[in-house]
Amino acid sequence: MNQAQAFLNEFKSTRNFAELIPVLAKDEVLRTAIFDEIASVEYPFPEYASWIAVHFYEKYPELMSRKQFNSMVSILLQTTNHSVQRNLTNALVSAPFDCSENGELLDLLIDFLHQSEALPALKHHSLRMIEKHFLPAYPELMRELRTLFEVISNHPKASMQSMARNFEKKYRKHPYYEK
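As the structure is a prediction and not an experimental result, all values here were calculated from the model. (Residues numbered from 1 in each chain as written. Predicted model: local features only at pLDDT ≥ 70, side-chain atom pairs only at ≥ 80, totals over all residues. Heavy atoms only, no water.)

Peer 1: Give a description of the nonpolar core that names residues and reports values.
Peer 2: Counting 59 residues, the largest nonpolar core has I34, F35, I38, I52 and I130 as the members making the most contacts within it. Per element, the largest residue contribution to this core is eight residues, and it comes from helix α4 (residues 45–59). Excluding anything up to four places from it in sequence, I34 contacts A4, F7, L8, L24, A49 and I52. (Core = buried A, V, L, I, M, F, W, Y, C linked by side-chain atoms within 4.5 Å. Buried < 20%, exposed > 50% of the residue type's maximum accessible area, 1.4 Å probe, protein only. Helix = DSSP H or I, 4+ residues; strand = E, 2+ residues; numbered from the N terminus. Contact = heavy atoms within 4.5 Å.)

What follows is the structure, given as structure tokens:
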């Protein structure tokens, strides 16, 4: 077990973000080692490292390096771990880098919205990613999103129906939200 894994095991028992985030902000070496564990396949390291990334980059998006951004996108494109998918999608919302030219990433996010078995949190964060990183560059995506949310509005889970209603309320006056 390396230092980052030992750190993550300790965090697993405390889950104290208030203490952890300032430590990572000051210690780039530790931060890099922790976030490198997102690529691990051994539980619980990618799950906890990606969860920490969500909280860290929400507070310090400017500390996301291009290398870490590229790594998180690459892992997201490859992983089938639902927790890591949800966490990375959420963490990447805060990314200070343009990813609007990454069609493979956009396709994956739309696929998450399409998948009936995708959990509501993953769908929510996928939409947030699309809204922040893709919709400004490609407003015509609204047509596809509207169609997707018409389907989601018939989902058996109330949370998904609510998400569809909120989407409709937020975007019904968008220039590309035509029926």
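Peer 1: Talk me through the pattern of salt bridges; I want residue IDs and the actual numbers.
Peer 2: One pass over the full model with this rule turns up three salt bridges. R172 is the salt-bridge partner of E168, the closest N and O atoms lying 3.4 Å from each other. Judged by its relative accessible area of 27%, E168 is partly exposed. (Salt bridge = Lys/Arg side-chain N within 4 Å of Asp/Glu carboxyl O.)

Peer 1: Quick rundown of the environment of P175? Include the residues and the values.
Peer 2: Checked against the element boundaries, P175 lands in the segment after α10 (158–171). Along the sequence, P175 and M142 sit 33 residues apart, while their C-alpha atoms lie 8.7 Å from each other.

Peer 1: Any chance you could break down helix α6 (residues 82–93) for me, citing the residues and the numbers?
Peer 2: Taking 1.5 Å per residue as the helical rise, α6 with its twelve residues ought to reach 16 Å, and the 17 Å between its terminal C-alpha atoms agrees with that figure. Most of α6 sits inside the fold, with nine of its twelve residues counted as buried. Among all positions of α6, only V84, Q85, N87, L88, T89, N90, A91, L92 and V93 are buried. On its buried face, α6 is in contact with α4, α5 (66–78), α7 (103–114) and α8 (120–134). The opening residue of α6 is N81, an N-cap whose side-chain oxygen sits 3.0 Å from the backbone nitrogen of S83. (Expected span 1.5 Å × (residues − 1). Polar contact = N/O pair within 3.5 Å; in protein donor to acceptor, adjacent residues only side chain to side chain.)

Peer 1: Lay out the side chain of E131 in plain terms, naming residues and giving numbers.
Peer 2: Topologically, E131 is positioned in helix α8. Within the local environment of E131, its side chain forms a polar contact with the side chain of K170, the two groups lying 3.1 Å apart. E131 has contacts with P136, K170 and Y171, leaving out every residue within four places of it along the chain.

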